[in-house]
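Coordinate inspection notes
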Amino acid sequence: MYETKSPGVEVLSIRFLLVLICMITARSAAMAFNRYLDRHFDARNPRTAIREIPRGIISPNSALRFVILCCLLFMLTSWFINPICFYLSPVALFVILFYSYTKRFTALCHIVLGIGLSLAPIGAFLAVSGRFELVPLLFSGAVICWVSGFDIIYAMQDEDFDKSENLYSIPTAFGKKQALRISVFLHVLSAIFVIIAGIFGGFGAWYWVGMIIFSCMLIYQHTIVKPNDLSRVNLAFMTANGIASVVFALFVITDLFITHKH
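Below, the discussion takes up the layout of surface pockets. One way to see where empty space is left: roll a probe the size of a water molecule over the atoms. Volume-wise, the second largest pocket comes out at about 210 Å³. Every residue along the wall of the second largest pocket is listed here: M31, A32, R35, R51, E52, I53, P54, I58, S62, A63 and F66. Within the residue set of the lining of the second largest pocket, elements represented by two or more residues are helix 1 (9-37), helix 3 (52-55) and helix 4 (60-81). In the lining of the second largest pocket, the residues fall into 7 nonpolar, 1 polar and 3 charged.

If you want it as structure tokens, here you go:
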């Protein structure tokens, strides 16, 4: 069974809190920076014109200050975790912030977003163990393909707008029908990564039940989104993916708990 030497309960609890703070600050920085950088596009896009910066609820300078604060808190928190997390924290911030620029010059922006989110399993493992291993890298591969796949579906809503603004995405480059096929391919790869991680990690039955549910949720979102019907994109993007990630995580945690208990 895939496992690491576990620190004491008190240390683990503090480490968990620190990782949680890093997760919140990194995600907040990335989302706020994306809103700040895209504020002019958002104001012209009917779908996003209701966001806080275009509506004047939050000023651009306030959003930028929030980004800087979150980045500083992220790096400070990583310093309390271990040296390798601290040294790699600027790299992680660069990736997740750089994503916001990519739609201006490449249709592979979805992959860059996936890479940004894929740092989470690697970072969490480094926080606990202080080293790299194969299984967290496999989970990162699954995250890259999973996130890229559903971000392509989400971007289908803005195909016409992105073309008018010379923005890049898989839907603008290939059209909705082909974009959905690429999304399916990426989600198949994601499931394959999860299967390989389960084999190399030696996980038990609970893991595989979670894997089946995760795969079913991936299939489900592709049954409700069609090239000529995007009315249920939010159901696929928010609900299906939210359930898939949370349920899979719960089953993996249950599997690890039962395995370590015995």
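Resuming the write-up.
This brings us to the nonpolar core. Judged by nonpolar contacts, the single largest core of 25 residues is most densely connected at F139, V194, Y207, F214 and F248. Broken down by secondary-structure element, the contributors of at least two residues to this core are helix 6 (109-129), helix 7 (134-155), helix 10 (176-201), helix 11 (205-224) and helix 12 (233-261). Top contributing element to this core by residue count: helix 7, with 8 residues. When sequence neighbours within four positions are dropped, the list of residues in contact with F139 reads P121, A197, F203, Y207 and F248. Counting residues in hydrophobic clusters, the runner-up holds 24 residues, among them F33, Y36, I81 and I96.

Right, let's talk about the packing of aromatic side chains for a bit. For the structure shown, the criterion picks out 16 aromatic pairs. Where Y207 meets F248, the ring centres are 5.5 Å apart and the plane angle is 65°; that geometry is what we call edge-to-face. Taken together, the residues Y207 in helix 11 and F248 in helix 12 connect sequence positions 41 residues apart. For the residue pair Y207 and F248, the accessibility class agrees, reading buried in each case.

This part covers a nonpolar patch on the surface. On the surface, L88, V91, F132, L134, L137, V184, V188, I192, I195, I196, I199 and F200 cluster together into a nonpolar patch covering about 1,000 Å² of accessible area. When contributions to the nonpolar patch are tallied by element, the ones reaching two or more residues are helix 5 (83-102), helix 7 and helix 10. The element contributing the most residues to the nonpolar patch is helix 10, with 7 residues. As for its placement among the helices and strands, V188 is situated in helix 10. Taking relative accessible area as the criterion, V188 reaches 43% and is therefore assigned partly exposed.

Bringing the pattern of salt bridges into the picture now. Oppositely charged side chains can form a pair if their charged atoms are brought close together. Summed over the entire model, instances satisfying the criterion amount to 8 salt bridges. The salt bridge partner of D38 is R104, with a shortest N-O separation of 3.1 Å. With D38 in the loop between helix 1 and helix 2 (39-44) and R104 in the loop between helix 5 and helix 6, this pair connects stretches of sequence that are 66 residues apart. A relative accessible area of 5% means that D38 is categorised as buried. Among the residues examined, R104 registers a relative accessible area of 27% and is labelled partly exposed. Ionic pairing is found between R44 and E165, a salt bridge with its closest N-O pair at 3.1 Å. Separated by 121 residues along the polypeptide, R44 in helix 2 and E165 in the loop between helix 8 (159-164) and helix 9 (170-174) bring together distant segments of the chain.

With that settled, the discussion passes to the side chain of N34. Locating N34 in the fold gives a position in helix 1. A distance of 3.2 Å separates the side chain of N34 from the side chain of S100, its partner in a polar contact. Contacts of N34, omitting those with residues within four sequence positions, involve Y99, S100 and K103.

For P46, the location among the structural elements is in the loop between helix 2 and helix 3. Sequence separation of P46 and F203 is 157 residues, and the distance between their C-alpha atoms is 46 Å.

This brings us to the packing of helix 4 against helix 5. Between helix 4 and helix 5, the least distance of the axes is 8 Å, while the angle of their chain directions is 150°. Classified by the angle their axes make, helix 4 and helix 5 are roughly antiparallel. Crossing geometry of helix 4 relative to helix 5 is assigned as right-handed. Residues C71, F74, M75, S78, W79 and I81 of helix 4 form the contact with helix 5, whose own contacting residues are C85, F86, S89, P90, A92, L93 and L97. Tallied by class, the residues present in the contact of helix 4 with helix 5 amount to 11 nonpolar, 2 polar and no charged.

Thresholds, definitions, all that
Here the residue numbering is sequential within each chain, running from 1 through the sequence in written order. Only residues with pLDDT of 70 or above have their local features reported here, since the model is predicted, and side-chain atom pairs are shown and tallied only from 80 upward, although totals for entire chains, interfaces and linings are computed over all residues. Processing note: side-chain calculations cover all non-hydrogen atoms of the structure and skip hydrogens and water entirely. In this analysis a 1.4 Å probe is tested at points of a 1 Å grid over the protein atoms alone, and where it fits but cannot get out there is a cavity; an open set with protein on both sides within 12 Å along at least five of seven lines is a pocket; lining residues have an atom within 4 Å of a point. Grid points are joined across faces, edges and corners, and a volume is the space filled by probe spheres set on the points. Numbering of helices and strands runs from the N terminus; a helix is a DSSP stretch of H or I covering at least four residues, while a strand is a stretch of E covering at least two. Only Asp, Glu, Lys and Arg are considered charged, only Ala, Val, Leu, Ile, Met, Phe, Trp, Tyr, Cys and Pro nonpolar, and every remaining residue, Gly among them, polar. Nonpolar cores are built from buried Ala, Val, Leu, Ile, Met, Phe, Trp, Tyr and Cys residues. Side-chain atoms within 4.5 Å join them into one set. Burial status follows relative accessibility: with a 1.4 Å probe on protein chains alone, a residue under 20% of its type maximum counts as buried, one over 50% as exposed, and anything between as partly exposed. Contacts were defined at the residue level, with two residues in contact if any of their heavy atoms lie within 4.5 Å. Two rings from Phe, Tyr or Trp (for Trp, the six-membered ring) form a pair when their centres are within 6.5 Å of each other. A pair whose planes differ by under 30 degrees is stacked, one over 60 is edge-to-face, and the rest are tilted. Residues with no salt bridge and a relative accessible area higher than 30% make up the patches, which join like charges within 9 Å and nonpolar side chains (Val, Leu, Ile, Met, Phe, Trp, Tyr) within 5 Å. In short, Shrake-Rupley with a 1.4 Å probe defines the accessible areas, and a residue's cover is counted only from the protein chains shown. Between Lys or Arg on one side and Asp or Glu on the other, a salt bridge is scored when a side-chain nitrogen of the former is within 4 Å of a carboxyl oxygen of the latter. Each polar contact in these results corresponds to two N or O atoms within 3.5 Å; when the atoms are within protein, one needs to be able to donate a hydrogen and the other to accept it, and residues that are neighboring in sequence are counted only if both atoms are side-chain atoms. Inter-axis angles, ranging from 0 to 180 degrees, are taken between N-to-C directions of lines fitted to C-alpha atoms, where helices are fitted over the stretch in contact. With respect to orientation, any angle under 35 degrees is reported as roughly parallel, any angle over 145 as roughly antiparallel, any angle of 65 to 115 as roughly perpendicular, and every other angle as oblique. By definition, turning the near helix anticlockwise from the far helix through less than a right angle yields a left-handed crossing, and turning it clockwise yields a right-handed one.

Keep in mind these values describe shape, not function.
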